[in-house]
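# Fold and contact review
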Amino acid sequence: MLFNVFLHRLGVALRIVETGLAIVAALCVLAILVTTTADVVMRYAFNAPLGWAFDLVAHYLLVAAFFLGFPLALGRGDHISVDFLARKMPERLTHFMLSPFCLAAAGMIALMAYYASLEAYSAWRAGEVIAGVILWPVWIAKLCVPVALWPMVFRLVQLGLAHGATALDARRFPFRAPAFHVLAD
Amino acid sequence: MSIIAALVLLLILLAIGLPVALSLGLSGALGLWLVGGPQLMLGILATAPGSAISSYELLTIPMFLLMAEFMVASGISNTLFDAVACWTARLRGGLGIATAITGAAFGAISGSSTAAAATLSTSSVPSMIRQGYEARFASGIVAVSGTLAMLIPPSIAIIFYGLLSGTDVGKLLIAGLLPGILVTLTVVLTIRFMIWRNPRLSPAVGQTSWAEKLGSLRIAGPFIGLFLLVTGSIYLGVATPVEASALGASGAMILTLVSGAMSRQVLVTALFNTIATSAMIGLIIVCASFLGYFLTITGVTRSMIAWITESGISPHVVLLLLILLYLALGCFLDQLSILILTVPVVHPLIVSMGFDPIWFGILIILLAEIGMVTPPVGLNLFVVARATGQPVDDVVVGVVPHVIAHLLLIVIIVIFPQIILWLPNSM
């Protein structure tokens, strides 16, 4: 029971983080839309393109819009998977096999997140900037990567534990984590 | 040995239903470990995420997705079928023809074939069945018409191919236009042929007044305007694909505002769906880059090309084998998975044999269209079956004539590559 409560609470906490990051990503998508459209209109209608638009969009908004959506996509179970064979496998076996690989994937993403954190930190310490009319600091864009990847690590750990517990005893540990769509179907 | 280990792990992970992105990442990481030790693997895990999501053209994906979300939210796409049907109702099989044209029009504002099939299922199938169409015939038309969204610009699958292969995304999008029109015509001709063979498939012919026809132009106008804004600006070189996609999304947002359908909920749903799908594609690109580095380091692609060149096999035989491979993969995998698994290996091979990468990209998308309607994993079959309440088997029977016609069109496009290359070469 305690284990179920732990998984549930971890899931709730992760959902809050995922939604928060998704809101920032959504604002970035809106900003891309407005900035790029304004740049095109200003260029053709007033012959006055926005000189800073490309740098802002390419170096910051692009990275934030993609990466900060990663946790939401994982949490909602939006990732595509090949479910042709998995559908035909016994559900318990599917849980049993998904569990270690979710934990392995958590390990892989954790390594990515760790190195991305180091990179962001060293860019901040060194005061790295992208040369141009405006000196854009590098660390802000680099920070988006670990900020997005760490919640994924915890979500994958939660999924791995939930799959494992369900494989052991489906009645005591009914699968409550957001499933990959193979199980949601 | 390392290649076999990575490939076996990839197949196992895909088979158990682990997301494609994570499967690619884990198998790529294992391969890198085996071929260069932990240092190589850690080095690539550290650098790949940032470099994979750095291409400016990636922005076309969220912008085009947002455009489609707004157009669906505006409700205009739901009424499009009725608007087109006004003009074709007097023809025998007119509603079927309207479905095909609506599928193409839907493709002009959305790159998702499943979204097109779902929308068409709810709007056109009930109308066709009311008019006496045989249910299998009607659902087959809808399932195949939904696939047109993959080809007619803007197409997410085409952009994805462009990003994976390094081919010019703007030219690729324009290259999809003429084949898209030809596929639409093929669907229309197949419908007419089927009705000519068996008139009971579509017994009745509808009537519409000129007032209805003129009224329908109000619905078609925004679609045509948005299509011209996006595709026209890319073709004329007025805007880059990214700028055109942003203009399209802005136009769709204005249409949603004007139609009165915009609300906070609609905006939030559109944005969240957009970032979730973009993130899904983004994570695949990041994780696929591990496998890409692994393949590059092992030199497997180079060795394969050298082996094929030395063996003296005709390029057309290789092409035929690739077409058969894509048809087989289409039965089991979705189009993004097929592209991510094959393009890094097949694209260099195709270029080395002298084929045009733009032509080949469109050919793959045409083959993927067939995959969308072939069992056991043809997604559109299930979307239509679920939306119309018909057995999947019936939808499969209805789609068979269209698959045969589609294959004939592919033969024509292989023989005459100019069909695909004419428009992009004139840019």
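This is a predicted model, so every value here is computed, not measured. Throughout, a residue's number is its position along its own chain's written sequence, starting from 1. For naming, the first written chain is A and the first written ligand is 1, with later ones following in the order written. Owing to the predicted nature of the model, reporting of local features is limited to residues with pLDDT of at least 70; listing and counting of side-chain atom pairs is limited to 80 or more, with chain, interface and lining totals taken over all residues. Excluded from the side-chain calculations are hydrogens and water; all other atoms, namely the structure's heavy atoms, are used.

### Regarding the overall build of chain A
Rules: Under the scheme used here, helices are H or I runs from DSSP no shorter than 4 residues and strands are E runs no shorter than 2 residues, and both carry numbers assigned from the N terminus. For this measure, only C-alpha atoms enter the radius of gyration; the expected value for a globule follows 2.2 Å times N^0.38, where N is the number of residues. Burial classification: accessible surface area is computed with a 1.4 Å probe over protein chains only, and a residue below 20% of its type maximum counts as buried, one above 50% as exposed, and the rest as partly exposed. Contacts were defined at the residue level, with two residues in contact if any of their heavy atoms lie within 4.5 Å. All accessibility values rest on the Shrake-Rupley procedure with a 1.4 Å probe; residue burial counts only the protein chains present in the view.
Looking only at helices and strands, chain A has 6 helices and 2 strands in total. Along the chain direction, N to C, the helices and strands of chain A fall in the order α-α-α-α-β-β-α-α. Relative to the globule expectation of 16 Å for 185 residues, the C-alpha radius of gyration of chain A, 21 Å, shows a markedly less compact shape. With the C-alpha coordinates aligned to their principal axes, the bounding extent of chain A is approximately 65 × 40 × 25 Å. In chain A, which comprises 185 residues, the proportion classed as buried is 49%. The long-range share in chain A, meaning contacts at least 24 apart out of those at least 6 apart in sequence, stands at 72%. Accessible surface, chain A as shown: approximately 8,900 Å² in total, 70% of it carbon and sulfur.

### As for the overall build of chain B
Which entries qualify depends on this criterion: Asp and Glu count as negative and Lys and Arg as positive, but His and the ends of the chain are not part of the count. The location of each charge is read from NZ of Lys, CZ of Arg, CG of Asp or CD of Glu.
Summing up its helical and strand segments, chain B has 20 helices and 0 strands in all. Taking 22 Å as the expected radius of gyration for a compact globule of 427 residues, we find that chain B reaches 22 Å, a close match to that expectation. Seen along its three principal axes, the alpha-carbon backbone of chain B occupies a region of about 70 × 50 × 45 Å. When burial is assessed residue by residue, chain B has 59% of its 427 residues classed as buried. Taking all contacts inside chain B whose residues are at least 6 apart in sequence as the whole, residues at least 24 apart take part in 80%. About 15,700 Å² of surface is accessible on chain B, with carbon and sulfur atoms providing 70% of the total. Mean positive and mean negative side-chain charge positions of chain B (13 and 13 charges, respectively) differ by 13 Å.

### What to know about the interface of chain A and chain B
Often the size quoted for an interface is simply the accessible area lost on bringing the parts together. For clarity, the threshold we go by: Buried area is a sum: the accessible area each of two parts loses on coming together, probed at 1.4 Å, counted once for each and added. A pairing counts as a salt bridge when a side-chain nitrogen of Lys or Arg comes within 4 Å of a carboxyl oxygen of Asp or Glu. Any N or O atom pair separated by 3.5 Å or less is treated as a polar contact, with the protein-specific requirement of one donor-capable and one acceptor-capable atom, and with residues adjacent in sequence counted only for side-chain atom pairs.
Listed per partner, the contact involves 55 residues of chain A and 58 residues of chain B. Here chain A packs against chain B, burying approximately 5,000 Å² in sum over the two surfaces, 83% of which is carbon and sulfur. Linking chain A with chain B are 1 salt bridge, by the criterion used here. Summed over the shared surface of chain A and chain B, the number is 6 residue pairs in polar contact (both at pLDDT 80 or more). Counting residues per element, the ones that place at least two in the side of chain A that touches chain B are α1 (2-46), α2 (53-67), α3 (70-76), α4 (91-126) and α5 (139-168) of chain A.

### Focus: the packing of helix α4 (residues 76-88) of chain B against helix α5 (residues 94-107) of chain B
All names here are of chain B. The condition that has to hold: Only the stretch in contact is used when fitting a helix axis, every axis being a line fitted to C-alpha atoms; angles between N-to-C directions are given from 0 to 180 degrees. For classification purposes, angles smaller than 35 degrees are called roughly parallel, those larger than 145 roughly antiparallel, those between 65 and 115 roughly perpendicular, and all remaining angles oblique. We call a crossing left-handed when the near helix sits turned anticlockwise from the far one by less than a right angle, and right-handed when that turn is clockwise. Each residue receives one of three labels: charged for Asp, Glu, Lys and Arg, nonpolar for Ala, Val, Leu, Ile, Met, Phe, Trp, Tyr, Cys and Pro, and polar for the others, Gly being one of them.
It is the contact of α4 with α5, at a shortest axis distance of 8 Å, that shows an interaxial angle of 135°. One finds that α4 runs oblique with respect to α5. Between α4 and α5 the crossing geometry is right-handed. Contacts from Ser77, Leu80, Phe81, Val84, Ala85 and Thr88 in α4 reach Gly94, Leu95, Ile97, Ala98, Thr99, Ile101, Thr102, Ala105 and Phe106 in α5. Classifying every residue of the contact of α4 with α5 gives 10 nonpolar, 5 polar and no charged.

### Some points on the confidence of the model for chain B
Residue and element names in this part refer to chain B. To keep it simple, the criterion reads: pLDDT is a per-residue confidence score from the predictor, ranging from 0 to 100.
Averaged over chain B, the pLDDT score is 87; the fraction of residues at 70 or greater is 99%. Mean pLDDT values for the elements of chain B range from 78 in helix α6 (residues 113-130) up to 93 in helix α10 (residues 177-197). Two numbers describe this predicted complex: its pTM, 0.85, and its ipTM, 0.91.

### Quick look at helix α15 (residues 315-330) of chain B
What counts here: Any helix carries an expected span of 1.5 Å times its number of residues minus one.
Spanning 16 residues, α15 of chain B covers 22 Å between terminal C-alpha atoms, matching the ideal 22 Å at 1.5 Å per step. In the core, the buried residues of α15 of chain B are packed alongside α14 (300-311), α16 (335-352), α17 (357-371) and α19 (392-415) of chain B.

### So, the nonpolar core
Nonpolar side chains in soluble globular proteins generally cluster together in the buried interior. This is how the line gets drawn: We call a set of buried residues a nonpolar core when its members are Ala, Val, Leu, Ile, Met, Phe, Trp, Tyr or Cys and they connect through side-chain atoms within 4.5 Å of each other.
Judged by nonpolar contacts, the single largest core of 193 residues is most densely connected at Met108 and Ile109 of chain A together with Leu24, Phe290, Trp359, Phe360 and Leu363 of chain B. Tallying contributions element by element places helix α13 (residues 264-298) of chain B first for this core, with 18 residues. If sequence neighbours within four positions are ignored, methionine 108 of chain A has contacts with Gly25, Leu26, Ala29, Leu45, Cys287 and Phe290 of chain B.

### Observations concerning unusual backbone geometry
Along the chain, proline 153 of chain B connects to proline 154 of chain B via a cis peptide bond; the corresponding omega equals 0°. With respect to the secondary-structure elements, proline 154 of chain B resides in the loop between α7 (135-146) and α8 (156-165). Of note, the phi angle at asparagine 47 of chain A is positive, near 50°, even though the residue is not glycine. Looking at where asparagine 47 of chain A falls in the secondary structure, it is placed in the loop between α1 and α2.

### Regarding the environment of threonine 186 of chain B
Residues and elements named next belong to chain B. Relative to the assigned elements, threonine 186 resides in helix α10. Take threonine 186: its relative accessible area is 15%, and that puts it in the buried class. Between the C-alpha atom of threonine 186 and that of leucine 408, which follows or precedes it by 222 residues, the distance is 9.4 Å.

### A closer look at the side chain of serine 145 of chain B
Residue and element names in this part refer to chain B. Here serine 145 shows up in helix α7. Assessed through its relative accessible area of 0%, serine 145 is described here as buried. Engagement of the side chain of serine 145 in a polar contact is seen with the backbone oxygen of isoleucine 141, the distance being 2.7 Å.

### Considerations on the packing of aromatic side chains
All names here are of chain B. Stated precisely, the cut-off is as follows: Only the six-membered ring of Trp is used, alongside the rings of Phe and Tyr, when aromatic pairs are assigned; centres must lie within 6.5 Å, and planes under 30 degrees apart are stacked while those over 60 apart are edge-to-face, with the rest tilted.
Counted by the stated rule, this structure contains 10 aromatic pairs over all chains. With centroids separated by 5.9 Å and ring planes inclined at 85°, the aromatic side chains of tryptophan 87 and tryptophan 210 adopt a geometry described as edge-to-face. Here tryptophan 87, found in helix α4, pairs with tryptophan 210, found in helix α11 (residues 210-235); they are 123 residues apart in sequence, far enough to count as distant. Take tryptophan 87: its relative accessible area is 41%, and that puts it in the partly exposed class.

### Examining the confidence of the model for chain A
Residue and element names in this part refer to chain A. When pLDDT is averaged along chain A, the result is 87; 93% of the residues meet or exceed 70. Mean pLDDT across the secondary structure elements of chain A bottoms out at helix α6 (residues 181-184), with 40, and peaks at α4, with 93. Overall, residues 181-185 carries pLDDT values under 50, and its contacts beyond four positions in sequence, including any with other chains, amount to 19 contacts.

### A few points about the state of the cysteines
Let me state the cut-off plainly: For the purposes of this analysis, a disulfide is any pair of cysteine sulfur atoms at a distance within 2.5 Å.
Using the criterion set out here, one finds 0 disulfides over all chains in the structure. Cysteine 144 of chain A carries a free sulfur, and the closest cysteine sulfur to it, the one in cysteine 28 of chain A, is 7.0 Å from it.

### Thoughts on the pattern of salt bridges
All names here are of chain A. Counted by the stated rule, this structure contains 7 salt bridges over all chains. The partner of arginine 43 in a salt bridge is aspartate 39, with the nearest N and O atoms 3.9 Å apart. You can see arginine 43 and its partner aspartate 39 sitting in helix α1, 4 residues apart, about one turn around the helix. On the basis of relative accessibility, which here comes to 12%, the residue aspartate 39 falls in the buried class.

### Quick notes on helix α12 (residues 241-259) of chain B
Given 3.6 residues per helical turn, the α-helix brings residues three or four places apart onto the same face. All names here are of chain B. When the terminal C-alpha atoms of α12 are compared, their 27 Å separation across 19 residues agrees well with the 27 Å that a helix rising 1.5 Å per residue should span. Among the 19 residues of α12, 14 are classified as buried, and the element is accordingly described as predominantly covered. Once α12 finishes, glycine 260 follows within two positions and takes phi at roughly 80°, a positive value.

### Structural notes on the packing of α8 of chain B against α17 of chain B
Between two packed helices, the angle of one axis relative to the other and the distance separating the axes together describe the packing. All names here are of chain B. At a closest axis distance of 10 Å, the pairing of α8 and α17 adopts a crossing angle of 140°. Between α8 and α17, the interaxial angle falls into the category oblique. Classified by chirality, the crossing of α17 by α8 is right-handed. In this structure, α8 uses Ala157, Ile158 and Tyr161 to contact α17, whose residues at the interface are Pro357, Phe360, Gly361, Ile362, Ile364 and Ile365. Along the lines of polarity and charge, the residues of the contact of α8 with α17 split into 8 nonpolar, 1 polar and no charged.

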